[in-house]
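A look at the structure
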Amino acid sequence: MTDHHEVKSFAGGKLTRRVLLGGLAALPLATYLPGTGARASASSAELVTLGTQGGPNYGPSRSETANALRVGDHLFLVDCGYGTLASMVAAGVRHQDVDAIFITHLHDDHCSDLFGILTHMATQGRARDVVVYGPVGTHAYVDGLRAALTPNATIRTLDEARPAGFLDFIKAVEVEEGGIAIQEPGIRVTCAENTHYPTTIEGLETQKSYAYRFDWGRSIVFSGDTTYSQRLVDLARGADVFLCEVLEPVSMRRAFDAMVAGGAFAGAEEGVWRHMIETHATPAQVGQMAAEAGVERVILTHLAPGALLDMPDSTYTQGVAEQFNGTVLVASDGMHFAL
């Protein structure tokens, strides 16, 4: 096992850290994805944490949840909250290279920049398909985005002699509990429903929130938003990296009260706080899930309060470390992790 190593780099006008986790995958492998038309070597992989703020909250130091996973020549996005496109530019991640986009759930802080990504793909001449994977409702969401993009497509087709089918590259697939989103020679993507939506609330039982696992010789699990989840533990079992959201309740309450004092959540304070405290993972719960799953490393993201308060990393890591003996790191926007 290689110790994590920090290298300073300058991206997008701010100093960020590149953290190397472990070694490269030991075995060469190949991937094939619909629409790429070719196999590609995938002997290495990299995670870029594009957005790390628990939200909906967006600020100059942390944008909303988004991650890029590069496996060989293939590039995936996992969530794309507000600020993702700017973070991709700052991190050197080209939106035209993205093969597929995975949405954990349809809260706006996890998918609001999908519009910007798709419209830039279209106007820059995207030809091959991009597939948006997500829970029930993803078809309707993507259809709505396509409808919103249509006036722009119509104008550009007339004015710029763009080819017909300007938006035909946009596809959507709704995943299901325990399903396999991608199964190809070099990579497998599976999912499991987590516990972000209380099934006791009428109407929410039809909504779904998922965690995703990517296996290619090594493995990484993206928790999505969740409190403790046995299904997530099962999905993450033996994973090399567990990228998990975290909410520290005491500091989050301070940030929440300050937001309320400023006029936020008027009339919905009780419901919003219940959601925050009951459907997100505390540091202790993250540590418990990591320990039970037997993962190698934990990377904390979707931080709450995150940039809302100036808090040391230990605010999040201490509770995790009380349950989990492995490496625990707190992500920032623009961090690169070699897998």
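Refer to the preceding data block for the structure.
The model shown is predicted, which means the values in this text are computed figures rather than measured ones. (Residues numbered from 1 in each chain as written. Predicted model: local features only at pLDDT ≥ 70, side-chain atom pairs only at ≥ 80, totals over all residues. Heavy atoms only, no water.)

Examining helix α2 (residues 114-123)
Heads up, the condition is: Relative accessibility thresholds used throughout: buried, under 20% of the residue-type maximum; exposed, over 50%; partly exposed, between the two (1.4 Å probe, protein chains only). Numbered from the N terminus, helices here are DSSP runs of H or I no shorter than four residues, and strands are runs of E no shorter than two. In this analysis, two residues are considered to be in contact whenever any of their non-hydrogen atoms come within 4.5 Å of each other.
Taken across its ten residues, α2 has seven buried, putting it largely inside the fold. Turning to α2, the residues buried within the fold contact β7 (74-80), α1 (84-91), β8 (98-102), β9 (130-134), α3 (138-160) and β10 (170-174). Within two residues after α2, G125 carries a phi angle of roughly 85 degrees, on the positive side.

Thoughts on the layout of surface pockets
Condition: As defined here, a cavity is a set of points on a 1 Å grid over the protein atoms alone where a 1.4 Å probe fits but cannot get out. A pocket is an open set with protein on both sides within 12 Å along at least five of seven lines, and residues line them when an atom is within 4 Å of a point. Grid points are joined across faces, edges and corners, and a volume is the space filled by probe spheres set on the points.
The volume enclosed by the largest pocket comes to roughly 310 Å³. G55, P56, H275, M276 and H280 are the residues nearest the centre of the largest pocket, which is lined by 24 residues in total. Those elements giving two or more residues to the lining of the largest pocket turn out to be β15 (241-247), α5 (249-261), α6 (269-278) and β16 (297-304).

What to know about empty space enclosed by the protein
Under the defined criterion, the tally for this structure stands at two cavities of 30 Å³ or more. A volume near 90 Å³ is recorded for the largest cavity. What lines the largest cavity is a set of 15 residues, and nearest its centre among them are T65, N67, D79, G224 and T301. Of all the secondary structure elements, the ones that give two or more residues to the lining of the largest cavity are β7, β15 and β16. By residue number, the principal contributor to the lining of the largest cavity is β15, which donates three residues.

Here we look at the packing of aromatic side chains
Spelled out, the test is: Pairing of aromatic side chains here covers Phe, Tyr and the six-membered ring of Trp, requires ring centres within 6.5 Å, and sorts the geometry by plane angle: under 30 degrees stacked, over 60 edge-to-face, intermediate tilted. By the criterion adopted, a ring carries a charge over it if an Arg CZ or a Lys NZ lies within 6 Å of its centre and within 35 degrees of its normal.
Taken as a whole and judged by the stated rule, the model has nine aromatic pairs. Between the aromatic rings of F76 and F102, the centroid separation amounts to 6.1 Å while the plane-to-plane angle is 70 degrees, which identifies the pairing as edge-to-face. Residue F76 is located in strand β7, and its partner F102 is located in strand β8; the two are separated by 26 residues in the primary sequence. Across the pair, exposure class does not vary: F76 and F102 are buried alike. A connected cluster of aromatic rings, assembled from ring pairs, spans F76, F102, Y133, Y212, F214 and F222. The aromatic ring of W273 is capped on one face by R253, whose charged end is 4.6 Å from the ring centroid.

A word on the pattern of salt bridges
Test applied: The salt bridge criterion pairs a side-chain nitrogen of Lys or Arg with a carboxyl oxygen of Asp or Glu, the two atoms within 4 Å.
Going through the model one piece at a time under the given rule, you end up with 13 salt bridges. Bridged by salt links that share partners, the residues R156, E160 and R162 form one connected network.

Regarding the sheet that holds β15
Under the convention used in this document: For two strands to count as paired, DSSP must find a minimum of two bridges between them. In this analysis an axis means a line fitted to C-alpha atoms, helices contributing only their contacting stretch, and an angle means the value between N-to-C directions, from 0 to 180 degrees.
Here seven strands make up an open sheet; going across it, the order is β11-β12-β13-β14-β15-β16-β17 and the pairing mixed. Two strands bound the open sheet, and with one partner strand each, they are β11 (180-183) and β17 (327-330). Averaged over all pairs of adjacent strands, the angle between their axes in this sheet comes to 20 degrees, without regard to strand direction. Relative to β17, β16 runs parallel, the two sharing four bridges. Paired with V298 across the bridge in β17 is V328. On the sheet, helix α8 (residues 314-321) packs against β15, β16 and β17 and is oriented at approximately 135 degrees with respect to β16.

Comments concerning the pairing of strand β13 (residues 210-215)
Within β13, five of the six residues are buried, which leaves it mostly tucked inside the rest of the structure. The sheet contact formed by strand β12 (residues 188-193) and β13 spans six bridges and is antiparallel. Bridge pairing in β13 links R188 to D215. When β13 meets strand β14 (residues 219-222), the two strands line up antiparallel, connected through four bridges. Of the residues in β14, the one forming a bridge with D215 is S219.

A short note on the side chain of T282
Residue position: T282 is located in the loop between α6 and α7 (283-293). Every residue in contact with T282, bar those within four places of it in the chain, is listed here: V246, L247 and P249.

Some words on the nonpolar core
We count it as follows: By convention a nonpolar core is built from buried Ala, Val, Leu, Ile, Met, Phe, Trp, Tyr and Cys residues, the set being connected through side-chain atoms within 4.5 Å.
L50, I101 and L118 are the most contacted members of the largest nonpolar core, which has 31 residues in total. Element by element, the count of residues in this core is highest for α2, at five residues. Beyond its immediate chain neighbours, meaning those up to four positions away, L50 contacts S63, A66, N67, A68, L77, T84, S87, M88, A91, V93, D333 and G334. With 30 residues, the next largest nonpolar core counts V78, A181, W216 and L243 among its residues.

Comments concerning the packing of α7 against α8
The condition that has to hold: Roughly parallel here means an angle under 35 degrees, roughly antiparallel means over 145, roughly perpendicular means 65 to 115, and every remaining angle is called oblique. Handedness of a crossing is defined here by the sense of rotation of the near helix relative to the far one, left-handed for an anticlockwise turn of less than a right angle and right-handed for a clockwise turn. Amino acids outside the nonpolar list (Ala, Val, Leu, Ile, Met, Phe, Trp, Tyr, Cys, Pro) and the charged list (Asp, Glu, Lys, Arg) are all regarded as polar, and Gly is one of them.
It is the contact of α7 with α8, at a shortest axis distance of 7 Å, that shows an interaxial angle of 45 degrees. One way to sum up the angle between α7 and α8 is to call them oblique. Along this stretch, α7 crosses α8, giving a crossing that reads as right-handed. Each of P283, A284, V286 and G287 in α7 lies in contact with α8, whose residues at this interface are T315, Y316, G319 and V320. When grouped by side-chain class, the residues that make up the contact of α7 with α8 number five nonpolar, three polar and no charged.

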